[in-house]
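A look at the structure
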Amino acid sequence: MYAPDATFDEMRAGDGAVRPAYRDYLNWYEDQESRFLMGKHRDAEIAFRRTGITFNVYGEDEAEERLIPFDMVPRIITAAEWRRLTRGIEQRVSALNAFIHDLYHRQEIVRAGRIPQRVLRDNAAWLPNMVGFTPPGGVYTHVVGIDLVRTGPDEFYVLEDNARTPSGVSYMLQNRETMMAMFPELFTRIPVCPVSDYPRRLAKSLAACAPSGTSGRPTVAVLTPGIYNSAYYEHAFLADQMGAELVEGSDLRVTDGRVAMRTTRGYEPVDVLYRRVDDEYLDPLTFNPDSILGVPGIMDVYRAGRITIANAPGTGVADDKAIYSFMPEIVEFYTGEKPLLPNVETWRCADRESLAYVLDNLADLVVKEVHGSGGYGMLIGPAASRRELARFRRKLEARPENYIAQPTLSLSTCPIFSRSGLAPRHVDLRPFVLVSPDGIEIVPGGLTRVAMRKGSLVVNSSQGGGTKDTWVLKD
């Protein structure tokens, strides 16, 4: 029997009543035989293995390639809920782009005393090479992933901003394709917004950011570090779906003041490079001289305005979790409005009073590295042992500026399919946002990540989490 815990359950209310978003789906589900559902569950796993949708897990004795668990019960969001999220996301992404532009120009927000200079000074993602330069079209964050969590009927919070190279959109698309192949009848009886046009939207949005003076249809290419990168599947998938070339650094060179890619017809200029290579490895003449992943001289071409790099170098400054803690001030400073989507309460351990509070309440908090990602280097206090708490306490006391802390949120739950039937598991959501001079587009859906283990709050794929299809209902 489906038994929600004390957290907000997105399918059932506290009295057991089915919420409107799930009513049609649950009516269909309860009409299905368990043998049929178990068969479909196995079919989905086989399909994902055949497609090669895997994730490389780093930091273990061996770099292991795992299948990302896929759950076939959709996460369902009503049209009204999505409209509210869309307004908040648009506001936040607009503020992020304005903030990054300001940081590399007059730094008005620092002059106004809204954020301290040290937050910028201590930010490893800050690139002096970008000072005074404005990318083509004025866009820094061409593709953004905003991580959201829900704690109540009308309570959504932003957990993290991914402004550098957000990943996961290929899983969103593959999840939908798998669901439509397995349960076509569901999509005829339930009005779900499509997500399959994301690659077309991405190609159009990137092309709109081409440098001024581009003649004809802009040439777009996807730069990948190569087959050993954890997200290589996504790089190849998106290039194929967009009709763009997938290139590595060795396929590119600077010639006649342009970045050109090797083709069967010789080298041809590239107008927009959707890079999935970190800043440090992008140009060995500017950054890491040992890098073989990037293109020597590409930054000179970029600053000359003869290529668009998406996302712009230096946008990682906005991924910093110390910057995240100032986002309410950032949104208000650049939009003149209060944030529509609030932050999670955050303590900056660089502040002496905040550090004292965090150390006193370590067992109740989640502590994260300022520059960390993927669920690595974090502490979940309520789930930690005494030894883990003691070890993290020493880390905090040694380098407090390297950490922020947040309360342990009671993430909402959605049903997953298990051998015993539907079971609640904690989830988050990463909608994908496209930014161009033509405006902001948000795909009606996103990547729902789910903690497959009962009671777990960690949804990251690298930490054992899975994914599920996200349905946004039409009106």
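If you check an unreviewed UniProt entry, the chain appears there as Circularly permuted type 2 ATP-grasp protein from Pelagerythrobacter marinus.

Attention now goes to the packing of helix α8 (residues 198–207) against helix α9 (residues 232–242). The contact between α8 and α9 brings their axes to 8 Å, and the two run at 80°. Classed by the angle they form, the pair α8 and α9 counts as roughly perpendicular. Facing α8, whose interface residues are Tyr198, Pro199, Leu202, Ala203 and Leu206, α9 presents Leu238, Gln241 and Met242. Among the residues making up the contact of α8 with α9, the classes are represented as seven nonpolar, one polar and no charged.

Moving on: unusual backbone geometry. Asn311 follows Ala310 through a cis peptide bond whose omega is -10°. Backbone geometry places Gln107, a non-glycine residue, at a positive phi of 55°. You can see Gln107 is positioned in the loop between α3 (79–103) and α4 (108–111). We classify Gln107 as buried; its relative accessible area is 17%. Positive phi, normally seen in glycine, also occurs at Asp256, with a value near 55°. Structurally, the position occupied by Asp256 is in the loop between β8 (252–255) and β9 (258–263). The exposure class assigned to Asp256 is exposed, which follows from its relative accessible area of 70%.

Basis of the calculations
- Counting restarts for each chain, with residues numbered from 1 along the sequence as it is written.
- Local features in this predicted model are restricted to residues of pLDDT 70 or higher, and side-chain atom pairs are both shown and tallied only at a pLDDT of 80 or more, whereas totals for entire chains, interfaces and linings draw on every residue.
- Water and hydrogen atoms play no part in the side-chain values, which are based on all heavy atoms of the structure.
- Think of each axis as a best-fit line through the C-alpha atoms, taken over the contacting stretch in the case of a helix, with angles from 0 to 180 degrees between the N-to-C directions.
- A run of H or I in DSSP counts as a helix once it spans at least four residues, and a run of E counts as a strand once it spans at least two, with each numbered from the N terminus.
- Any angle from 65 to 115 degrees is called roughly perpendicular, while one under 35 is roughly parallel, one over 145 is roughly antiparallel, and all others are oblique.
- Residue contacts are defined here by distance: any two heavy atoms, one from each residue, within 4.5 Å place the two residues in contact.
- For this classification, Asp, Glu, Lys and Arg are treated as charged, while Ala, Val, Leu, Ile, Met, Phe, Trp, Tyr, Cys and Pro are nonpolar and the rest, including Gly, are polar.
- Buried means the residue's accessible area, taken with a 1.4 Å probe over protein chains only, is under 20% of the maximum for its type, while exposed means over 50%, and partly exposed covers the values in between.

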